Amino acid sequence: MTVNTEPASVGYVPVPPDPSAAVSIRGLVKVFDRKVAVDGLALDIPVGSFYGLVGPNGAGKTTTLNMLTGLLRPDAGSAMILGRDVWSDVNAAKRAIGVMPQPDQIFDRLTGLQLLVYAGMLRGMRRDEVVRRANDLLSAFDLTDAAGKMVTDYSAGMTKKICLATAMIHSPRILVLDEPFESVDPVSSANLKDILLEYARTGGTVIISSHVMALVERMCTHVAIVNHGQVCAAGTVDEVAAGEDLEDRFMQLVGGRHAAARIDWLNGGAGEADGSAAGTGPTGPTEPTAPTGFAPAPQPMQPPQAAQPPQFPENAR
Amino acid sequence: MSAVATIVRLRWALTIAAMRKSSAQTVGYVIGIVMGLGAVAFVAALAFALGSHRADPGQFHAATVLTGGFLMISVIMVQVLYLGQGSTLSPAKFALYGIPDRDLGLGLLAAGLAGLPSIMGTVALLLWSAAFRSFGPAAVIAQLVAAPLAILTAMSLSKLVISAATTLVRSTRGRNAFYIIAVLGFVLICQIPSLVANGTIGATNMVGSPAYGVHGVADIEFGSLSGTAAVFAWTPFGAAFQLPFDVMTGAWGALAARVAIIAATVALCFLGVTACLRRDRLTVGAAAQTVTVKGLGAFGHTADSPSGAVCARLFTYLKRDPRQTVLFAMPILFVALMAIQAHGMNDIVWTGLLMSGWFMFIAEGNGLSYDGRGYAMEVIAGASGFDDRRGRVRLLAGIATAYLLVLAAAILAFTGDWRGGTGLAVGLTFTLGSLGLAYAALGMAEVVSVVLMYPVPSIDKPFSSPQGRAMAQGFFPLVQMLGTPLLFLPGGVIVAVLGFTGALADGRFWLIGPVALANGLAALALGTWLGGKLLDARSLSVLHTLDGFASLQK
């Protein structure tokens, strides 16, 4: 079998990359063995936006972010950050952005302060400046008391916060965060959100991938729904939601909801109470009920949306 | 007591269940049984052969007590080394059932004694009584009684060491220290037979014996170790093996004292295990001890640059990563072992220094694997491969220089070569040669670590063994070890030319030292540059490989 690594033709508009955008992606393709993970994806992310990348598991979100941040070489297509092609000088592109490492992608035997200093010095910053910024970040993330503790002794939420801090130490213009709120407690999560919203208000661009639709709807100015390695819809949250709840809209675009399987014996004890427990046995008939309100067919890919100035939601905090 | 019986039944139920679940486990178990039976058959054959004629009592005594004691210590060490993997019958798994600590301790001891290794060991030692036939029935009966006592002692000591380690090794720092001590202890114990053989041969056959170096272990004169054996027999490790000899010689007082030692050992071990279980139960869920470090540590002292960051990070990790820390103890061991076996020949001690330089950076040859997924930070930050290599080399070359010079000074003092003359010239030549070899080995390591990586245990579970490790771990370091001498070809050519022109005559052999040092430094510079280029080209591939290794460690 040969895999076509040319950008998908259906619905694809050959719009040139937008150098004024924070991120401009065109025809990005990645194939693992024979599985197409990203299939001609195109997207523009405006400067200063809080951009949510959402999609089901295996949709290609993380693969796209990895190709955008120089951590995975694409098979075809281009990715541009602040007008510069990522892959022509990948290290220069990396210095312009801040990527939050996963908790197992850090040196957790360093103390929190040491980890931040390491992240800053690696990027060529002067030590005294890094130390000053590290202390500011530790204070902002409520980690001052834990600055001298090894990160391996941190809780999951503290580790997420220190990972985010390593991505911010060099004051990047773009922050790329893959599932930043996963396993973070509500208080830490709220503090993280405040810091990110403040950063976006000062002109920084935040790109997050998430499964939590409510969070994206509440925090993000823009959203792109990714499915099967392509963008199904992209634009401001209101544009994509098109007057509906974002989660419902997501279901419509992505599909995949099916009727709940009715398992006769899995009756929560109700069957025993009325004397009809598992009467039909394990091979008894099941009659799935069609759900209402779901459009089954996925929508064709839409062309990238023109960059629009961000407007933060009223209820972001 | 029903809890004890239940735990013993549980042990066998779990063994049978594991065999049912996995055919590989069954095959492994069958192979284990066959090997165990083979060992029992070997002991039986040896015992019957020895018992058919009256052996020299002195040699027989020393051999039995020392070998038995050595095996007992080995059994304990092997149990400790597998501790990191977690035992099926871990006391923590019984926490839900409210079993009294004494019953649980007794049950775990009984379960250990009811296991196949204990049964095989007991049978082997019972059969060993045949070796005492020529010394009379009393000695045979004494050995029959001593056999289960020896196994009981070994099992009690094992349980105590494991319980104590589990209880005490809670903090990360404690676990690291425990790992280092365990590995060094194991290495030293493995050297004991070689040291004993070498020392004994040296004492008896050194002069004018054609057998020296040919028959090796077969020529060991255990008789000369009777003093050591006599002392060892008063320890818990050798007491049980001494009992039949006490009966043979009619030393009834000593016999009673040694039985008391065994009883006291078993009792104290049991009390210790119970105390550990109690402490574990009462402190379960307590937060592990954390260590607080003030300030920047090494990050405040290295160069203010990306390579300085790498240097400081590596230095901090070498202190906190037991897998790597332990390897830095090896040069001292090399030199010490060479010194013990030198028999007055100073050149052999200096060879230990040379070997130290050669093998010092075997771990660095797989350094990126030890970094693990943390290396992603460098890729994310866009740090260059050259900065990475330069930071590592700066630190490791510094460590090698200081370490080898201190060792050289110690050897000069130990051998007396510091007094001057040829000895001093030889010493300085070896010192410069060792430094050159260490630098070349480091240069080689900076290249091979980018291309020939193999999985290492997780830093959190240093005793575990990830899949696919054995094959690569055997082969890849070999490339580094054999490749390092090849880097000395230019220096070799220069030395050969100097030799032919007579420049090395009249005691000027010391010129080899500076040539080796210059060659080593050039190899280091080349390795750092080439390693950096390779890392730039392969950084994403390295990251992908490290992701794969990380999944093997789970």
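Our structure's up above, just so we're on the same page.
Quick summary incoming for the structure in this document. (Residues numbered from 1 in each chain as written. Chains lettered and ligands numbered in written order. Predicted model: local features only at pLDDT ≥ 70, side-chain atom pairs only at ≥ 80, totals over all residues. Heavy atoms only, no water.)

**Quick look at the state of the cysteines**
All names here are of chain B.
Step number 1: Following the criterion strictly, the structure yields zero disulfides over all chains and no others.
Step number 2: Here C269 stays unpaired: no disulfide links it, and the sulfur of C276, its closest cysteine neighbor, is 10 Å away.
Step number 3: The class of C276 is buried, set by a relative accessible area of 12%. (Disulfide = S-S within 2.5 Å. Buried < 20%, exposed > 50% of the residue type's maximum accessible area, 1.4 Å probe, protein only.)

**Focus on the packing of aromatic side chains**
Step number 1: Counting across every chain of the model gives 12 aromatic pairs over all chains.
Step number 2: Between F107(A) and Y317(B), the ring centres sit 5.3 Å apart and the planes meet at 75°, which makes this aromatic pair edge-to-face. Residue F107(A) is found in the loop between strand 6 (97-99) and helix 3 (112-122), and its partner Y317(B) is found in helix 11 (residues 306-320); the two belong to separate chains.
Step number 3: By relative accessible area, Y317(B) is classed as buried at 4%.
Step number 4: Between W350(B) and F430(B), the ring centres sit 6.4 Å apart and the planes meet at 15°, which makes this aromatic pair stacked. Here F430(B) lies in helix 18 (residues 421-451) and W350(B) lies in helix 14 (residues 346-359), a separation of 80 residues in the sequence.
Step number 5: On the basis of relative accessible area, W350(B) is assigned to the buried category, the value being 0%. (Phe/Tyr/Trp six-rings, centres within 6.5 Å; stacked < 30°, edge-to-face > 60°. Helix = DSSP H or I, 4+ residues; strand = E, 2+ residues; numbered from the N terminus.)

**Digging into the interface of chain B and chain A**
Step number 1: Each partner contributes residues to the interface: chain B has 39 residues there, and chain A has 37 residues.
Step number 2: Buried surface at the junction of chain B and chain A, both sides included, amounts to about 3600 Å², of which 61% is carbon and sulfur.
Step number 3: Its largest share of buried area at the contact with chain A, chain B owes to D304(B), M377(B) and I380(B), together 21% of the area lost on that side.
Step number 4: The partner of R126(A) in a salt bridge is D304(B), with the nearest N and O atoms 3.7 Å apart.
Step number 5: For the pair chain B and chain A, the number of links is 10 residue pairs in polar contact (both at pLDDT 80 or more). (Contact = heavy atoms within 4.5 Å. Buried area = accessible area lost by both parts, 1.4 Å probe. Salt bridge = Lys/Arg side-chain N within 4 Å of Asp/Glu carboxyl O. Polar contact = N/O pair within 3.5 Å; in protein donor to acceptor, adjacent residues only side chain to side chain.)

**Focus: the pairing of strand 8 (residues 205-210) of chain A**
Residues and elements named next belong to chain A.
Step number 1: Counting buried positions over the six residues of strand 8 gives six, a clear majority of the element.
Step number 2: Here strand 8 shows no split at all, with T205, I207 and S209 on one side and V206, I208 and S210 on the other all buried.
Step number 3: As judged from the five bridges shared by strand 3 (residues 50-54) and strand 8, these two strands associate in the parallel manner. Paired with G52 across the two strands is I208, which belongs to strand 8.
Step number 4: Taken together, the five bridges between strand 7 (residues 174-178) and strand 8 define a ladder with parallel strand orientation. The residue bridging D178 from the neighbouring strand is S209, located in strand 8. (Pairing = 2+ DSSP bridges.)

**Some words on the sheet that holds strand 5 (residues 84-85) of chain A**
Residue and element names in this part refer to chain A.
Step number 1: The four strands lie next to each other as 2-1-4-5, forming an open sheet whose pairing is antiparallel. This sheet does not close on itself; its edge strands, each paired only once, are strand 2 (35-45) and strand 5.
Step number 2: One ladder, built from eight bridges, connects strand 1 (residues 23-32) with strand 2; its direction is antiparallel. Bridge assignment links V29 to a residue of strand 2, and that residue is D39.
Step number 3: Most of the contacts of helix 1 (residues 61-68) go to strand 1, to which it runs at about 115°, and overall it touches strand 1, strand 2 and strand 4 (76-81). (Axes fitted to C-alpha atoms, helices over the stretch in contact; angles between N-to-C directions.)

**Some points on the packing of helix 9 (residues 239-249) of chain B against helix 10 (residues 252-283) of chain B**
All names here are of chain B.
Step number 1: Helix 10 packs onto helix 9 with a crossing angle of 160° between their chain directions and a minimal axis gap of 9 Å. One finds that helix 9 runs roughly antiparallel with respect to helix 10. In this structure, the crossing between helix 9 and helix 10 has a hand that is left-handed. Residues A239, A240, Q242, L243, D246 and V247 of helix 9 form the contact with helix 10, whose participating residues are W252, A254, L255, R258, V259, I261 and I262.
Step number 2: Tallied by class, the residues present in the contact of helix 9 with helix 10 amount to 10 nonpolar, one polar and two charged. (Parallel < 35°, antiparallel > 145°, perpendicular 65-115°, else oblique. Left-handed = near helix turned anticlockwise from the far one by under 90°. Nonpolar A, V, L, I, M, F, W, Y, C, P; charged D, E, K, R; others polar.)

**Some details on the side chain of S129(B)**
Residues and elements named next belong to chain B.
Step number 1: Assignment of secondary structure puts S129 in the loop between helix 5 (116-127) and helix 6 (137-168).
Step number 2: For S129, a relative accessible area of 7% gives the class buried.
Step number 3: One polar contact links the side chain of S129 to the main-chain carbonyl oxygen of L126, over a distance of 2.4 Å.

**Concerning the sheet that holds strand 6 of chain A**
All names here are of chain A.
Step number 1: Strands sit in the order 6-7-8-3-9-10 across an open sheet of six strands; the sheet is mixed. The sheet terminates laterally at strand 6 and strand 10 (230-236), the two strands that pair on one side only. Strand-to-strand twist of the sheet, defined as the mean angle between neighbouring strand axes without regard to direction, takes the value 15°.
Step number 2: The pairing of strand 6 with strand 7 spans three bridges and is classified as parallel. Note that in strand 7 the partner of V99 across the bridge is V176.
Step number 3: Packed on one face of the sheet, helix 1 meets strand 3, strand 7, strand 8 and strand 9 (222-227) and runs near 150° to strand 8.

**Focus: helix 4 (residues 101-113) of chain B**
Step number 1: Across its 13 residues, helix 4 of chain B extends 18 Å between first and last C-alpha, which sits within 8% of the 18 Å expected from 1.5 Å per residue.
Step number 2: Inspection of helix 4 of chain B places D101(B), D103(B), L104(B), G105(B), G107(B), L108(B), L109(B), A111(B) and G112(B) among the buried residues, and these make up the whole buried set. (Expected span 1.5 Å × (residues − 1).)

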